[in-house]
Structure formats: C-alpha cells, structure tokens
Amino acid sequence: MTATREALPAPERSPFDAPRTRPAGERSQLAELARVEREVSLATGTAFDVHYRLRPALREVAAHRLATRRGIDLDRDPQAARAALGDEVWAIVKPDRERPAYHHAPGVPLERVRRAVEALERI
C-alpha cells in the first residue's frame, strides 16, 4: 500500500474540502459541548452524577459569576451566595452538600437543571 501511495501523485484538494473541515478551536468547542450534554444527561439519571459531575460544573459557574458580578465568595459568604443564587441552585452548589448515601438514587429532573442554568445566567 505504501508503494502505491508513493508511486501516485498526491490528489489535489477539492474546493469542497475547505468547508467540510472545521477549525481546531471549533472542534474543541463541540467536544466541550458534548461533554456538558453528557454530564447533564447523566445527572438526570443518578444522584451520583448530580454530585460528582453536574455539581462541580455548576459550582464553577456560580463561583465565577458571584465573584465577578456581585463580589460574593461562594465558600466564604454562604448567606449572600444563597440569597443571590436562590434555594434551588444553592441546594446543588453549597459547599457543605453531602454526597449521596445511595449513588443510584434518582438524579435531578432536566427542568430543574434548566432552572438552575437560568438562575446562573441572571447573575
């Protein structure tokens, strides 16, 4: 196979090739989106995935938004953070949230995830 490839000239690029290829940055963004979608999907299934997959992502967003937009530290000022986030989001992201006793317990409904993301967007 190598001999054949070396004996034949390299094919010219078609004008249709460029639109079919995505820039590397776009590929990594799509991979990140797929990862987040997978984490959300898993979190709707089990309490384990809520705590160990979805929660860290929501905590990161909540901490960043609270710090940059409200001057609130998620871990150092829990009362202000809770007031800004609301009870539903706080229940997921609070620093002292206990890990689930039963990992296969039901996760969170997709509607609750949507409300949490919307609450974070409002900050």
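Throughout what follows, the structure given in this document is the object of discussion. (Residues numbered from 1 in each chain as written. Predicted model: local features only at pLDDT ≥ 70, side-chain atom pairs only at ≥ 80, totals over all residues. Heavy atoms only, no water.)

Moving on: the environment of glycine 71. With respect to the helices and strands, the residue glycine 71 is situated in the loop between helix H4 (47-70) and helix H5 (78-85). In this structure the C-alpha to C-alpha distance between glycine 71 and alanine 81, which are ten residues apart in sequence, comes to 9.8 Å. (Helix = DSSP H or I, 4+ residues; strand = E, 2+ residues; numbered from the N terminus.)

Our focus in this paragraph is the nonpolar core. Leu85 and Val93 are the most contacted members of the largest nonpolar core, which has 21 residues in total. At the level of secondary structure, the elements contributing two or more residues to this core comprise helix H3 (24-43), H4, H5, helix H6 (87-93) and helix H7 (110-122). No other element matches the five residues that H4 contributes to this core. With residues up to four places along the chain from it excluded, the contact list for leucine 85 reads Ala62, Leu66, Leu74, Trp90, Val93, Ala119, Leu120 and Ile123. (Core = buried A, V, L, I, M, F, W, Y, C linked by side-chain atoms within 4.5 Å. Buried < 20%, exposed > 50% of the residue type's maximum accessible area, 1.4 Å probe, protein only. Contact = heavy atoms within 4.5 Å.)

So, about the packing of aromatic side chains. Tallied over the entire structure, the rule returns one aromatic pair. Aromatic pair phenylalanine 48 and tyrosine 52: ring centres 4.8 Å apart, planes at 40°, arrangement tilted. A residue pair is termed a helical-turn pair when its members lie 3 or 4 positions apart in one helix, as phenylalanine 48 and tyrosine 52 do in helix H4 at four residues. (Phe/Tyr/Trp six-rings, centres within 6.5 Å; stacked < 30°, edge-to-face > 60°.)

Let's shift gears to the side chain of aspartate 49. Locating aspartate 49 in the fold gives a position in helix H4. A polar contact is formed between the side chain of aspartate 49 and the side chain of threonine 46, at a distance of 2.7 Å. (Polar contact = N/O pair within 3.5 Å; in protein donor to acceptor, adjacent residues only side chain to side chain.)

Turning to the packing of H4 against H5, a few remarks are in order. Relative placement of two packed helices is described by the angle separating their axes and the distance separating the axes. Two elements in contact, H4 and H5, have axes whose closest approach is 11 Å; the angle formed by their N-to-C orientations is 95°. Taken together, H4 and H5 sit at an angle that is classed as roughly perpendicular. In this structure, H4 uses Ala62, Leu66 and Arg70 to contact H5, whose residues at the interface are Ala81, Ala84 and Leu85. In the contact of H4 with H5, the residues fall into five nonpolar, no polar and one charged. (Axes fitted to C-alpha atoms, helices over the stretch in contact; angles between N-to-C directions. Parallel < 35°, antiparallel > 145°, perpendicular 65-115°, else oblique. Nonpolar A, V, L, I, M, F, W, Y, C, P; charged D, E, K, R; others polar.)

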